[in-house]
Amino acid sequence: MKIAKRIQDLAESATLAVSAKAAKMKADGIDVIGFGAGEPDFDTPDHIKQAAIAAIQSGQTKYSKPASGIASAKQAVCDKLARENNLNYSPNQIIITAGGKMGVYMVMQAVLDPGDEVIIPKPYWVSYPEMAKLAGAKPIFVAGPEENAYKLSPSTLASAITDRTRLVLLTSPSNPSGVTYDPGELQALAEVLENRDLMVLSDEIYDQLVYDGQESISYASISDKTFSQTITLNAGSKTYAMTGWRVGYAAGPTEIIKAMSKLQSQTTSGAATFNQVALATALTADQSVVRSMRDEFQDRGYQMWKRLSAMPGVRCPKPTGAFYCFPNVSGTFQKIGVQGSAEFASNLLEQANVAVVPGVAFGLDEHIRLSFALSMAQLNTGLDRIEAWLTQ
Ligand code: PLP
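This section reports on the structure supplied with the text.

Parameters at a glance
Residues numbered from 1 in each chain as written. Predicted model: local features only at pLDDT ≥ 70, side-chain atom pairs only at ≥ 80, totals over all residues. Heavy atoms only, no water. Near = heavy atom within 4 Å. Polar contact = N/O pair within 3.5 Å; in protein donor to acceptor, adjacent residues only side chain to side chain. Areas by Shrake-Rupley, 256 points an atom, 1.4 Å probe, with all protein chains shown as cover. Nonpolar A, V, L, I, M, F, W, Y, C, P; charged D, E, K, R; others polar. Core = buried A, V, L, I, M, F, W, Y, C linked by side-chain atoms within 4.5 Å. Buried < 20%, exposed > 50% of the residue type's maximum accessible area, 1.4 Å probe, protein only. Domains from an automatic or database assignment. Contact = heavy atoms within 4.5 Å. Axes fitted to C-alpha atoms, helices over the stretch in contact; angles between N-to-C directions. Helix = DSSP H or I, 4+ residues; strand = E, 2+ residues; numbered from the N terminus. Parallel < 35°, antiparallel > 145°, perpendicular 65-115°, else oblique. Expected span 1.5 Å × (residues − 1). Phe/Tyr/Trp six-rings, centres within 6.5 Å; stacked < 30°, edge-to-face > 60°. Lys NZ or Arg CZ within 6 Å of the ring centre and 35° of its normal. Salt bridge = Lys/Arg side-chain N within 4 Å of Asp/Glu carboxyl O. Pairing = 2+ DSSP bridges. Left-handed = near helix turned anticlockwise from the far one by under 90°.

### Here we look at the site of the ligand
Turning to step 1, where the next piece is worked out: In the region of the ligand, 14 residues are neighbours, and N175, D203, S237, K238 and R246 sit closest.
Turning to step 2, where the next piece is worked out: Contacts to the ligand include G100, whose backbone N or O atom sits 2.7 Å from an oxygen atom.
Turning to step 3, where the next piece is worked out: A distance of 2.5 Å separates an oxygen atom of the ligand from a polar atom in the side chain of S237.
Turning to step 4, where the next piece is worked out: Notes on the ligand: free accessible area 400 Å², of which the protein chains cover 92%.
Turning to step 5, where the next piece is worked out: Grouping the amino acids of the shell around the ligand by side-chain chemistry returns five nonpolar, five polar and four charged.

This is the structure in structure tokens:
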């Protein structure tokens, strides 16, 4: 049977693949510690569930009208962006999407033509390059120095820009590196980008999961120019432990939001109506649940970072956001007899029953990604196993 070339060329999501393999081992009765998960281990808070149940019971079970999102959800997003991100959008600059991933996909479909270039900082979230290719565009990878957790310097960014650059991706906090750009660093990148004829996709899906009392700062909030060149993307998924609900949102210039809405009306017809009600509740209700999940992530993240940093041959940037550590483990490769991160992860899973995601999936083969979205007890057991495996 003939499969279309663009799908043949598409890589499978490595993060989902690792979770699936670990899940199968668990189903076979093997005691696996999974550091692969890209989702909170917390349950969706009850008040959010109750809002969806009430919406279903009151008959909000029909098509989203309009497909770009119901008015109350768009208003809740405007209020959130004003309150937490210092961004003043009007509802016609908002689209509610069927998950953050669909939002990223639709931005790329809306702004990219074949031959356009997309600047993707390494390490990157696995789906960016594949989505750029699906739009016919060419991913251009750039990375800052490892000593600065690969964050882009203005000069590295500037040297990657050509006449064909149409879109630049910024992800802070980062999946997979768990680091954040501070306001000064973002400002310096803005000085490179704001006078150019290109768009910026600022993926802020982890914006509320930042540690040590940092403020989240949105790229679009830096100046009027950055505001008009940016699509700000977010979702319920990570902040409210709503990954299975498939509800996200994007905010940006009206024309781009209109283009995305047209695409959405011809594809998903929008996010499930009652899930949009749940998102609106999540965004407008008391945010203390978010703070308590964040504090728990911070404790686990620091514990993981401390322990990884003490292991021989392992170098790890301190996570300042999201729920990932992204250590460089290449100093162990010779000792354990592996060539790269895929072999490292595969041996670790088979020999020590610990699942991690190989860094090659994020563009850096010397690293692995460990999620700290699991209990402190499991986290310590998993790290005990890694330590024993590395020092055997
Ligand atoms: N952007 C980043 C950086 C992510 O890490 C993820 C999920 O892992 C997404 C977008 C997509 O999130 P969602 O589950 O809402 O589709």
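### Topic: the nonpolar core
Turning to step 1, where the next piece is worked out: Among the nonpolar cores identified, the biggest contains 38 residues, and F35, M304, L308, F344, L370, L383 and I386 are the most heavily contacted of them.
Turning to step 2, where the next piece is worked out: Each of domain 1 (5-43 + 289-391) and domain 2 (47-284) accounts for three or more of the residues forming this core.
Turning to step 3, where the next piece is worked out: Not counting the four nearest positions on each side in its chain, F344 is found in contact with V329, T332, F333, I336, V338, I368, W389 and L390.
Turning to step 4, where the next piece is worked out: Among the nonpolar cores identified, the runner-up in size contains 34 residues, and V104, V111, L112 and F326 belong to it.

### What about the packing of helix α14 (residues 341-352) against helix α15 (residues 376-390)?
Turning to step 1, where the next piece is worked out: Viewed as axis vectors pointing N to C, α14 and α15 meet at an angle of 105 degrees, and their least axial separation amounts to 11 Å. It follows that α14 is roughly perpendicular to α15 by the angle criterion. Between α14 and α15, the contacting residues are F344, N347, L348, Q351 and A352 on the first element and R385, I386, W389 and L390 on the second.
Turning to step 2, where the next piece is worked out: Grouping the constituent residues of the contact of α14 with α15 by class yields six nonpolar, two polar and one charged.

### A word on helix α4 (residues 71-85)
Turning to step 1, where the next piece is worked out: Relative to the 21 Å expected for 15 residues at 1.5 Å per residue, α4 spans 20 Å between its end C-alpha atoms, a close match to the ideal helical length.
Turning to step 2, where the next piece is worked out: Residues A73, K74, A76, V77, C78, K80, L81, E84 and N85 constitute the buried set of α4.
Turning to step 3, where the next piece is worked out: Where the residues of α4 are buried, they touch β2 (94-97), β7 (230-235), β8 (248-251) and α11 (273-284).
Turning to step 4, where the next piece is worked out: One or two positions beyond α4, positive phi appears at N86, with a value near 60 degrees.

### Description of the packing of aromatic side chains
Turning to step 1, where the next piece is worked out: Applying the stated rule across the entire model yields 11 aromatic pairs.
Turning to step 2, where the next piece is worked out: By the ring-pair criterion, three or more aromatic residues cluster together here, those being F42, Y206, F297, F323 and Y324.
Turning to step 3, where the next piece is worked out: The ring of Y181 has K151 lying over it, and the distance from NZ or CZ to the ring centre is 5.8 Å.
Turning to step 4, where the next piece is worked out: Across the ring face of Y302, the terminal group of K318 is positioned such that the distance to the ring centre comes to 4.3 Å.

### Focus on the pattern of salt bridges
Turning to step 1, where the next piece is worked out: Enumeration according to the criterion identifies 16 salt bridges in this entry.
Turning to step 2, where the next piece is worked out: Taking the shortest distance from any N to any O, the salt bridge between R83 and E84 comes out at 3.3 Å.
Turning to step 3, where the next piece is worked out: For E84, a relative accessible area of 19% puts it in the buried group.
Turning to step 4, where the next piece is worked out: The salt bridge partner of R294 is D295, with a shortest N-O separation of 3.3 Å.
Turning to step 5, where the next piece is worked out: Where salt bridges share partners, they join K80, R83, E84 and D207 into one cluster.

### Considering the sheet that holds strand β5 (residues 165-171)
Turning to step 1, where the next piece is worked out: In spatial order, the strands read β2-β8-β7-β6-β5-β3-β4; together these seven strands make up an open sheet with mixed pairing. The sheet is open, and its two edges are formed by β2 and β4 (138-142), each paired on a single side. The mean inter-strand angle of the sheet, taken between neighbouring strand axes irrespective of direction, is 20 degrees.
Turning to step 2, where the next piece is worked out: In this structure, strand β3 (residues 117-121) lies alongside β5, joined through three bridges in parallel fashion. Bridging across to β5, V118 finds its partner in L167.
Turning to step 3, where the next piece is worked out: Relative to the sheet, helix α5 (residues 100-111) contacts β2, β5, β6 (199-203), β7 and β8, its axis offset from that of β7 by approximately 160 degrees.

### Let's talk about the packing of α4 against α11
Turning to step 1, where the next piece is worked out: At a minimum axis distance of 9 Å, the contact between α4 and α11 shows a crossing angle of 25 degrees. By the angle class used here, α4 and α11 are roughly parallel. Once α4 is placed against α11, the crossing between them reads as left-handed. Across from S72, A73, A76, V77, K80 and R83 in α4, the residues of α11 making contact are Q276, L279, A280, L283 and T284.
Turning to step 2, where the next piece is worked out: Of the residues assigned to the contact of α4 with α11, the class counts are six nonpolar, three polar and two charged.

### Points about the pairing of β8
Turning to step 1, where the next piece is worked out: The side-chain alternation of β8 yields two buried faces, one formed by G248 and A250 and the other by Y249 and A251.
Turning to step 2, where the next piece is worked out: The pairing of β2 with β8 spans four bridges and is classified as antiparallel. Bridge pairing in β8 links I94 to A251.
Turning to step 3, where the next piece is worked out: Summarising the sheet, β7 and β8 pair through four bridges and their orientation is antiparallel. Looking at the pairing, N234 lines up with Y249 of β8.

### Concerning the environment of I222
Turning to step 1, where the next piece is worked out: Of note, I222 is situated in the loop between β6 and α9 (224-229).
Turning to step 2, where the next piece is worked out: For the pair I222 and L87, spaced 135 residues apart in sequence, the C-alpha separation works out to 9.5 Å.
Turning to step 3, where the next piece is worked out: The contacts of I222, once residues within four sequence positions are left out, are L186, Q187 and A190.

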